Each structure stands twice: as structure tokens, then as C-alpha cells.
Amino acid sequence: MFYSPRRFSAFVHKSIIFLIFGIQFTFCSPKVTGDGSDLVAFALLSSENTFYSHSFSLKGPENNGNTNQTIAPYFESGLYTITSLQNESKFPQRVTLYNFSIKDKNGNLIEVVSSFTGVLLRDLINIGGKFKPFDKGKDGRATVVILEGKDGFKAVVSYTELMRTTLGAEMLIAFEKNGALLDANSGSMAFVSKGDKNQGSRYVKYLSKITVTNEWLNQSGTGTTSSFSITGDIVTPLNYSLSDLQNVSSFQSIDFTGIGPISNSKHYISGKGVSLLEILSKVTLRNPNDLQSYYVILEATDKYRFTHSYSELSNTIVGSGSGTSATPGVIVITEFKKGLGGDYPNPPASPSNYTSCSGTNNTCDTEYIATISSEDTAPYGGDVSSGINLGPRKMSWLNTIIVKKAE
Ligand SMILES: Nc1nc2c(c(=O)[nH]1)N[C@H]1C(S)=C(S)[C@@H](COP(=O)(O)O)O[C@H]1N2
Ligand SMILES: [Mo]
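As annotated in an unreviewed UniProt entry, the chain carries the name Oxidoreductase molybdopterin-binding domain-containing protein and comes from Leptospira perdikensis.

This part covers the sheet that holds strand 12 (residues 238-241). The strand order across the open sheet formed by five strands is 12-11-20-15-16, and the pairing between neighbours is mixed. Looking at the sheet topology across the chains shown, the edges are occupied by strand 12 and strand 16 (305-309). Mean inter-strand twist for the sheet, computed between neighbouring axes without regard to direction, equals 20°. Note: strand 15 (residues 294-300) against strand 16, five bridges, orientation antiparallel. Of the residues in strand 16, the one forming a bridge with L298 is F306.

Quick look at the pairing of strand 11 (residues 227-232) now. Of the strand pairs in this sheet, strand 11 and strand 12 are connected by four bridges, and their pairing is antiparallel. In the sheet register, S229 faces strand 12, and the bridge partner there is N239. Here strand 11 folds back onto strand 12 in antiparallel fashion, the turn holding five residues.

With that settled, the discussion passes to the site of ligand 1. Lining the immediate environment of ligand 1, one finds 14 residues, of which Q219, H267, D302, K394 and S396 sit closest. In this structure, an oxygen atom belonging to ligand 1 sits 2.7 Å away from a side-chain N or O atom of H267. K394 places a main-chain nitrogen or oxygen 2.6 Å from a nitrogen atom of ligand 1. Computed on the free molecule, ligand 1 has an accessible area of 540 Å², of which 81% lies beneath the protein chains in the complex. Across the shell around ligand 1, the residue classes break down as four nonpolar, six polar and four charged.

On inspection of all chains with the given rule, the structure shows 15 salt bridges. Taking the shortest distance from any N to any O, the salt bridge between K209 and E148 comes out at 3.9 Å. One end of the pair, K209, is in strand 10 (residues 207-214); the other, E148, is in strand 5 (residues 143-149), with 61 residues separating them in the sequence. Take E148: its relative accessible area is 15%, and that puts it in the buried class. Taken together, the shared-partner salt bridges connect E215, E299, K303, R305 and K404 into one network.

Rules used throughout
- Residues numbered from 1 in each chain as written.
- Chains lettered and ligands numbered in written order.
- Predicted model: local features only at pLDDT ≥ 70, side-chain atom pairs only at ≥ 80, totals over all residues.
- Heavy atoms only, no water.
- Pairing = 2+ DSSP bridges.
- Helix = DSSP H or I, 4+ residues; strand = E, 2+ residues; numbered from the N terminus.
- Axes fitted to C-alpha atoms, helices over the stretch in contact; angles between N-to-C directions.
- Near = heavy atom within 4 Å.
- Polar contact = N/O pair within 3.5 Å; in protein donor to acceptor, adjacent residues only side chain to side chain.
- Areas by Shrake-Rupley, 256 points an atom, 1.4 Å probe, with all protein chains shown as cover.
- Nonpolar A, V, L, I, M, F, W, Y, C, P; charged D, E, K, R; others polar.
- Salt bridge = Lys/Arg side-chain N within 4 Å of Asp/Glu carboxyl O.
- Buried < 20%, exposed > 50% of the residue type's maximum accessible area, 1.4 Å probe, protein only.

Put into C-alpha cells, the structure is as follows:
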């Protein structure tokens, strides 16, 4: 059925009210000479909030519909309404998340919501099982998802945070709030990310557009680095060398151990690093009030790339980790050792099982700057069978951090 009974009755109800006021307006308004309250009431009922959105579009990178395309993830583009999200053959899993305290930018509580119900953003993007994990850019490591409201508000989610971290299990396209249609007047839907520390920051109301953007490049060039630059939508570009990062009066040094497994060889690393968020706090964004619309592209000297949303770094457990040495969050590595482990999570038994590494692929001497994201350990879909692999967002030879605002 095209209209759900609830939507249809809401529609009828609204039409009747509209009709009554419309008639009242037509017959009575010429006589209104006083305060004009009838006119005001009519105007309020007849002109909907201009931000209301009855549907949202899902658009992806140009891949010409080729499901074998090696660069971009492939999925079902199109226009989605509440009715399409309620279609159980397409979205068998409807999700309800509880207890939201939505705050504004200054941390003031603006809304308490006991429940949101809808479809997970990752189920939408993976509709029909078309999400393709693994294989460099194709698995979306360089991809971001941009969510936009009818009012122009934008929020960014990185594809990896959506698919390979615990945050993705609580990122919802909601159509119900507290058990009733979220926006019965309009059919508007909203995006909400429950795992965010400040849930207001990426709360996108009147959802009207979801754009999937791919920043992957073909790899070329060689691996070597001793410094990196930060450029993009920032006021002054910066450059940091390894010794800058190792200077404890400028940066807090974080010890880590037992992070992995990385790639098929199942190795784990231990060492020292600096939080990527601390490094980013040294730059001034051009639009600091729109943090949630920013993301960073990390690029190596061999043009290997991946992305982090600014929000996942500044507003979630992915950026900061949970405080143990195995969960330091996203860090720029200044020094590390390598050891072989088993399947996740079985790192080498003791510190003595880690050895200093050398050689082209695993250089970890003073010429080396890299990054790791310790929280990319929550499998989704086809990812599970091969086990956890922190490889996708482990970077060797960091060369550039491009700070970008979603347009
Ligand atoms: N600069 C750069 N970083 C990279 C890659 C690359 O090709 N270039 N490959 C990635 C992949 S696919 C994996 S699985 C891991 C491998 O990490 P390892 O060299 O420590 O095993 O590094 C990642 N980081
Ligand atoms: Mo990999």
C-alpha cells in the first residue's frame, strides 16, 4: 500500500482542518478589520515550515552503475520517503534507539527524546548487499557520506566509521520519535548518531540529501616521509616534522600497545604517538562553527588515502579512544615496534615479543610518520569472514592532511 494508514489519516485530518479554516477565511476574512487573528491562524496552517522535506535523495560517486567498479563503492541511488524506509522487503531491520539528550553547540540541553525509530544509515547504503568491503578504495576507506537538511545544514560521516566502528550501529535515519511519526505534518526524516558525545552536533533535521563522495586516488610514488603538512579549508597551513611531534612541550605523547591485527600477516604494533585531534587543534578552520561538516583526507607519499570525519575525531570514541593502551583512538605514530599475533584480539603475549622494525614496508625509525585508528574493529556485513583488519586506516608515510568542508 502506498500510504500507511497512519499517514493517510494524518493527511485527512490535516485536510479537514485546512478546509474549515479555508472556508472560514473565504467567508469571514472580508469582515476582519480588528487584529486580523483569523488571517494569522490561516497563514500558520497553510504555509508549512519551508524546511520540511518529504523525501531525501541518495546520490553516489560517478560509477556509471558498474557494480564491479574498483574505485567507488556501489549502492542504490534514488529518492527515499518514509514509505520506502517502511518497506520491509528492502529494509527488514527497523531499529529503535533510546534515551537521547540532544545538546546545542554550547552544550545546553535542547531536547530530550526517549526513542527514535528508523533504518540504519549503513543498511541504506548497503541496500541489497551492494556494499563491497576490502580492496583499497573500493571498500570506502577514502569515502565520506554527507547528510544534508533542507535548511542547508550538513554533517559528515566517514564510510569507515559507519561500516567498521561501533558508531555505525547507532547511526539512524529516523522517521519516528517517541513512538509517533517524527514529523506528521510533512513526512520529514532526520539523521541522528547516538554514539556521538554531543548528539546535537550531527542531528540533521528535514533530511533532504545524502551524498556519498569518494576521495580515493590511484596510488603512485614511493614511501618515505619525515614531515607532513596540513592544508585545505584552514586559515594558515602548517607543517610538522617528526621531532616537532616528539617535543613533549608541544604535544602530549601517548604510549600504545597491542593494536591490531594489521593486514593478513596479523601483526600488532606498540609504540608512541600523538592524538590526531591534538594536531588538528593547532589549525584554525575557516568555518569553526560548522565542525560537523568537515572531514580530513590523510594522504601518504605513495598517494594512499583515507578519510576521517572531523566529528568522529572530536566528538566520538573513535578519535579519543577509551583510554587503555590498546585503544588510544586515532593517533599519529612517532615510533613503533611490531610483533606477530593471532586472530583478533590476540596480540603478542609480552612486550618482549615486539621487535623494532626496519625495511621498506615497515620502516619505523626516525624517518617514519604514520597513523592508526584503534577503534576500527567492529565488523559489518561481508567484513566478518576475514576477521578484523586495521589495515584500511593504518597509514604509512603520512605526507599531507587535507582539511575539507563538505560542499
Ligand atoms: N602509505 C600507504 N599506507 C598503507 C598502504 C599503502 O599501500 N600505502 N596499504 C594499507 C593496507 S591495504 C594495509 S592492509 C596496511 C598494511 O600495514 P602493514 O604494512 O603494517 O602490514 O597498510 C595500509 N597503509
Ligand atoms: Mo589491506
